[in-house]
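# Close look at the chain arrangement
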Amino acid sequence: MDLSQQQVIDFWFNEIEPKQWFEKDLAFDALIQSRFGVLHDRAKAGELVGWRNTAQGALAEVIVLDQFSRNIYRDQPESFASDPLALSLAQFAIAKGFDVELTTNYRTFLYMPFMHSESKLIHQEALRLFESLGVENSLHFEKQHKAIIDRFGRYPHRNAILGRVSTAEEAAFLEQPNSSF
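Residues numbered from 1 in each chain as written. Predicted model: local features only at pLDDT ≥ 70, side-chain atom pairs only at ≥ 80, totals over all residues. Heavy atoms only, no water.

Let's shift gears to the domain arrangement of the protein chain. Split into domains, the protein chain comes out as domain 1 (1–116) and domain 2 (118–180). With 17 residues of domain 1 at the contact, the number on the domain 2 side is 18 residues. For the domain 1 and domain 2 pair, buried surface summed over both sides reaches about 1500 Å², with 72% attributable to carbon and sulfur atoms. Looking only at domain 1, the three residues that lose the most surface to domain 2 are Phe80, Phe114 and Met115, adding up to 44% of its buried area. (Domains from an automatic or database assignment. Contact = heavy atoms within 4.5 Å. Buried area = accessible area lost by both parts, 1.4 Å probe.)

One non-glycine residue, Asp75, lies in the positive phi region at around 60 degrees. One can find Asp75 in the loop between α3 (55–72) and α4 (83–95). With a phi close to 60 degrees, Asn178 is a non-glycine residue in the positive phi region. Overall, the relative accessible area of 67% leaves Asn178 in the exposed class. (Helix = DSSP H or I, 4+ residues; strand = E, 2+ residues; numbered from the N terminus. Buried < 20%, exposed > 50% of the residue type's maximum accessible area, 1.4 Å probe, protein only.)

With the rule as written, the count across this model stands at 15 aromatic pairs. Summarising the aromatic geometry, the rings of Trp21 and Phe22 are spaced 6.3 Å apart at their centres and angled 80 degrees between planes, so their arrangement reads as edge-to-face. A residue is classified by how much of its surface remains accessible, and Phe22, at 57% relative accessible area, is exposed. Ring plane angle 70 degrees and centroid distance 4.7 Å describe the contact between Trp21 and Phe109, whose orientation is recorded as edge-to-face. A residue pair is termed long-range when its members are at least 10 positions apart, and Trp21 in the loop between α1 (5–15) and α2 (26–44) and Phe109 in helix α5 (residues 104–116) qualify at 88 residues. (Phe/Tyr/Trp six-rings, centres within 6.5 Å; stacked < 30°, edge-to-face > 60°.)

Structure below.
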């Protein structure tokens, strides 16, 4: 079955509960893998380029690359491998003005690749984008993410997964509650 951008949007915003977006749930990860794994491979290969002609299509591709990657490849380096592509697509969509065509809830996920970036420069833009949303909870999380990037230049909680050696300061930070996302 050839999945459409509308099926991605319907699944993410209508079929599942919002709490599932950010919970670690292996059954949910398996569901995304079974329903969207082939589509994710197509997105990584750049085969969904036609989706980029509309706001919802661009959003759907960003969700596949940014969010579904984290579920399909949970605790594996590949969970972050599509981040640069998702960020580029989000930047493209914003440059086209697609973000202002979307609801606030949809825009949150279009902006999410900015929050996931390990670039201080990108987080300056992320802060502006999340401030523009006017959703205090989303802005709060961006500020937390930005503080970590400003302090370490990367997310220490990714170090083990990516085979990076943690500094002593990062190791101490990871011992604190709420140090990872």
